[in-house]
Amino acid sequence: MITTKSFEEKAAGYLERGELQIVQVNMGNLCNQDCLHCHVGGSPRGTRNMDFKTAETIISFLRNNPGLTLDITGGAPELNPNFRHLVMAAMPFAGSIMVRSNLTVMLEPGQEDLPGFLADHRVKIIASLPCYTKVNVDGQRGTGTFEKSIRVLRILNRSGYGRKNGLIIDLVYNPGGGFLPGEQKELEMAYKDKLKSDFGITFNNLLTITNAPIGRFGRQLKEENKLNDYLDLLDENFNRLTLPNIMCRSLISVDYRGVIYDCDFNQVLGLGLKDKEGHPIPISSISAKKLVGQKILTDTHCFSCTAGSGSSCGGALT
Ligand code: SF4
Ligand code: SF4
């Protein structure tokens, strides 16, 4: 039976922050989709949305700590009225900017110019596409999602994404249940072959991500009485070689209120960084330097980052 303590023991020596490289900003849980596996509870009913003032505190942080990667996520962050302002205002200070997109948002009313906006500002796109088959994508993300995603990928290819020497678009695979992803490079080859031959679509890299046993996926495992089996699977496949690269060593996650966490998963669990008085820490009160050496907060879900080839927002770790 795995416990928080067993993760801390196994990961000893690696649970301190190194140099900050990525600021991952979750703009809220408003989303045009309502996926089965969603760990942030995104849906069209999402009400937690970052306001202008909070977006400004993130821009200030980037201005004061130049050269960091800004990684924007949600929900569907593009639906937040402050999304485009954040991108434009952060551009002079961020080393690079990426958005985690569900693709289908680009077909929503009022978002017709989104591919052009992203291309004009050279925003890297990390796009969810959990399979190259309709049945698996629609099963996980809702009927019609596959067809819409393919339409948008074609639009993005025409806008210069995923082409030789063009703008970067990476696709994200996550398993459709309680099992580990296959080998990233092999899966990437299969995706590239299939998407090119069936639809003429090209992209840059495939990132494999292991499902964390939290949010809707965690609840589903519990309902099916499979949670312990999944946790055991993660533990049995613990891989020490992933530890130097776990993302919390070089990333902070910021929620829609501007409060910081070690990662998006900890954010969902409310496991936030605290000051000496035990208060949540807003991004407005820290600097990148202050974070170095701080202890990372962990729990049993952390085993999803260290199983097999490892997992992070940038894909496999080894
Ligand atoms: S997984 Fe992504 S696209 Fe699906 S509901 Fe959650 S935030 Fe939206
Ligand atoms: S879940 Fe978050 S805190 Fe835990 S190991 Fe993964 S990145 Fe680090």
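Everything that follows concerns the structure shown earlier in this document.
Residues numbered from 1 in each chain as written. Chains lettered and ligands numbered in written order. Predicted model: local features only at pLDDT ≥ 70, side-chain atom pairs only at ≥ 80, totals over all residues. Heavy atoms only, no water.

Novice: For this particular structure, what's the right way to read the site of ligand 1?
Specialist: Around ligand 1, a shell composed of C31, Q33, D34, C35, H37, C38, G42, G75, N102 and R141 is seen. Classifying every residue of the shell around ligand 1 gives three nonpolar, five polar and two charged. (Near = heavy atom within 4 Å. Nonpolar A, V, L, I, M, F, W, Y, C, P; charged D, E, K, R; others polar.)

Novice: Would you explain the packing of aromatic side chains in this entry?
Specialist: Any aromatic ring pair is given by two values, namely how distant the centres are and how the planes are angled relative to each other. Taken as a whole, this structure holds seven aromatic pairs when the rule is applied. Residues F238 and F303 carry aromatic rings whose centres are separated by 6.2 Å and whose planes lie at 70° to one another, so their mutual orientation is edge-to-face. In this pair, F238 is assigned in the loop between α9 (227–236) and β7 (251–254) and F303 in helix α12 (residues 303–306), connecting sequence segments 65 residues apart. Of the two residues, F238 and F303, neither departs from the other in class, the shared state being buried. Ring-pair connections join several aromatic residues into one group, and the members of that group are F7, F238 and F303. When the ring centre of F117 is taken as origin, the NZ or CZ atom of R84, which lies over that ring, is 5.0 Å away. (Phe/Tyr/Trp six-rings, centres within 6.5 Å; stacked < 30°, edge-to-face > 60°. Helix = DSSP H or I, 4+ residues; strand = E, 2+ residues; numbered from the N terminus. Buried < 20%, exposed > 50% of the residue type's maximum accessible area, 1.4 Å probe, protein only. Lys NZ or Arg CZ within 6 Å of the ring centre and 35° of its normal.)

Novice: Please clarify how the side chain of S312 should be interpreted in this entry.
Specialist: Among the structural elements, S312 can be located in the segment after α12. Of note is the side chain of S312, whose polar atom sits 3.0 Å from the backbone nitrogen of G314. Ignoring anything within four residues of it in the chain, the contact list for S312 reads I209, M247 and L317. (Polar contact = N/O pair within 3.5 Å; in protein donor to acceptor, adjacent residues only side chain to side chain. Contact = heavy atoms within 4.5 Å.)

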